[in-house]
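Structural features, examined
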Amino acid sequence: MSYTKLTKLQETLQEMGRVVVAFSGGIDSTFLLYVARDTLGKENVLAVTADSETFPQRELEDCRELAKKLDVKHEVISTSEFAIPGYTENKSDRCYLCRDNLFENLKPLLEQKNYSNIVFGLIADDMGEHRPGIIAAREHGVRGPLQEVELYKQEIRELAREIGLPNWDKPSYACLASRISYQETITIKKLKMVDKAEEIIRDYGVRQVRVRMHGEMARIEVMPEDMSIILQMHGTLQRELTELGFKYVTLDLSGYKSGSMNAVLEKVKTT
């Protein structure tokens, strides 16, 4: 089934012509970039990464290295979510504002560099979640070919492994702002706190982690099999995270879940 979808993906990209790929370095956008280059030729593909306050430097460096390995043209543009009116208020439309800004910054590349379409790593799994960025994509005419051919994350990982992509099993990532509870103002200090907290936990050998910020509390999400690591290191971890500025440190027994902050959205209204 995955190979049938891969063929459909190649056909979809062929119809698009020259493409700009919004490239975050995750497995979805990396796989899309690889297939686009393989299908259209590297002269017809441009990877673009947005460098902003919510994108850690290590992720940007990963993008550069991956683009080099894939032998594709890669540009980094500077953007600022903090310059977007209403973004730091952190309402439920935050992701819409971010994507709208990103796509607005990518659109000039179509005319300037003679590309036909902008594509991004939307996948089939995303359609059942709160993803206001999809609305922004539709408004800007940006397409998600992986989702259009109904490719799911697990299928993408399997295909990427067979192809030999170096990040086929890279843990899922999302912008740092997604760690901060809705309605709580986003600040540089808070972004740095959650970023550093996750880095500390990864250094313990935990690959998939989210540190969600609820006021002064850090809610740690890891896979169930990694909870024992957190519990073994609880004393040291408590000290390290309180030194970052958290007053309370908790382990979420539900484990890691993408978009877990969205559970409260029925109580959050965009005003």
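See above for the structure.
An account of the accompanying structure is given in this report. (Residues numbered from 1 in each chain as written. Predicted model: local features only at pLDDT ≥ 70, side-chain atom pairs only at ≥ 80, totals over all residues. Heavy atoms only, no water.)

**A word on the nonpolar core**
Our working definition: We call a set of buried residues a nonpolar core when its members are Ala, Val, Leu, Ile, Met, Phe, Trp, Tyr or Cys and they connect through side-chain atoms within 4.5 Å of each other. Buried means the residue's accessible area, taken with a 1.4 Å probe over protein chains only, is under 20% of the maximum for its type, while exposed means over 50%, and partly exposed covers the values in between. Note on conventions: DSSP H or I runs of at least 4 residues are helices, E runs of at least 2 residues are strands, and numbering of each starts at the N terminus. Should any heavy atoms of two residues lie within 4.5 Å, those residues are considered in contact.
Leu9, Val19, Phe31, Leu33, Leu146 and Leu151 are the most contacted members of the largest nonpolar core, which totals 33 residues. Only helix H1 (2-16), strand S1 (19-22), helix H2 (27-40), strand S2 (45-51), helix H3 (57-70) and helix H7 (153-163) provide two or more residues apiece to this core. Those residues in contact with Phe31, other than ones at most four positions away along the chain, are Leu6, Leu9, Leu146, Leu151, Ile156, Leu159, Ala160, Ile163 and Leu165. By size, the runner-up hydrophobic cluster in this structure holds 25 residues, among which are Leu176, Ala177, Leu191 and Ile200.

**Considerations on the packing of helix H8 (residues 188-202) against helix H10 (residues 234-244)**
Our working rule: Comment: axis = line fitted to C-alpha atoms, over the contacting stretch for helices; angle = value between 0 and 180 degrees taken between N-to-C directions. An angle below 35 degrees is read as roughly parallel, one above 145 as roughly antiparallel, one from 65 to 115 as roughly perpendicular, and any other as oblique. Crossings are sorted by hand: turned counterclockwise from the far helix by less than a right angle, the near helix makes the crossing left-handed, and turned clockwise it makes it right-handed.
Across the interface, H8 lies against H10 with an axial gap of 10 Å and an inter-helix angle of 160 degrees. With respect to H10, the element H8 is oriented roughly antiparallel. Considering only the axes of H8 and H10, their crossing is right-handed. Together, Met193, Lys196, Ala197, Ile200 and Ile201 of H8 and Leu237, Glu240, Leu241 and Leu244 of H10 make up the contact between the two elements.

**Concerning helix H4 (residues 94-112)**
Spelled out, the test is: To estimate how far a helix should reach, multiply one less than its number of residues by 1.5 Å.
Its 19 residues give H4 an end-to-end C-alpha distance of 29 Å, which sits within 8% of 27 Å, the value for a rise of 1.5 Å per residue. Along H4, the residues that are buried comprise Arg94, Leu97, Leu102, Phe103, Leu106 and Leu109. In this structure, the buried residues of H4 make contact with S1, S2, strand S3 (73-78), strand S4 (117-119) and helix H5 (133-140). Taken from the residues just after H4, Asn114 is the one with a positive phi, measuring 60 degrees.

**Focus: the environment of Glu75**
Position of Glu75 relative to the elements: it lies in strand S3. The sequence separation of Glu75 and Lys113 amounts to 38 residues, and the corresponding C-alpha distance is 12 Å. If near-sequence neighbours (up to four positions away) are discounted, Glu75 is found in contact with Leu46, Ala47, Val48, Thr49, Leu109 and Lys113.

**Quick word on the packing of aromatic side chains**
Note the threshold: Any two rings among Phe, Tyr and Trp, with Trp reduced to its six-membered ring, count as a pair given centres within 6.5 Å; such a pair is stacked if its planes are under 30 degrees apart, edge-to-face if over 60, and tilted if neither. Any Lys NZ or Arg CZ found within 6 Å of a ring centre and within 35 degrees of that ring's normal is scored as a charge over the ring.
Applying the stated criterion across every chain yields a total of one aromatic pair. Over the ring of Tyr115 we find Arg18; its NZ or CZ atom is 4.1 Å from the centre of that ring. The ring of Trp168 has Arg161 lying over it, and the distance from NZ or CZ to the ring centre is 5.4 Å.

**Re the pairing of S1**
The side chains of a regular strand alternate between the sheet's two faces. Stated formally: At least two bridges found by DSSP between two strands are what make those strands a pair. With the strands pointing away from the viewer, any crossover whose connection runs clockwise from the first strand over the helix to the second is right-handed.
Of the two faces of S1, both are covered, the one formed by Val19 and Val21 as well as the one formed by Val20 and Ala22. Relative to S2, S1 is paired through four bridges, and the arrangement is parallel. Looking at S2, one finds that Ala22 is bridged to Val48. For the segment spanning S1, H2 and S2, crossover handedness is right-handed. Alignment of S1 against S4, held across three bridges, turns out to be parallel. Residue Val21 lies in a different strand from S4, and its bridge partner there is Val119.

**Remarks on the sheet that holds S3**
With parallel pairing, the four strands of this open sheet are ordered in space as S3-S2-S1-S4. Each edge of the open sheet is held by one strand with a lone partner, namely S3 and S4. Neighbour to neighbour, the strand axes of the sheet diverge by 30 degrees on average, direction disregarded.

**Focus on the state of the cysteines**
Applied cut-off: Pairs of cysteine sulfur atoms within 2.5 Å are what we label disulfides.
Tallied over the entire structure, the rule returns zero disulfides. Residue Cys95 stays outside any disulfide, its sulfur separated by 5.8 Å from that of Cys175, the closest cysteine. Its relative accessible area of 30% is what places Cys95 among the partly exposed residues. Cysteine Cys175 shares no disulfide, and the gap to the nearest cysteine sulfur, in Cys98, comes to 5.8 Å. Classification of Cys175 by relative accessible area gives partly exposed; the value is 24%.

Purely spatial values, then, with no claim about function.
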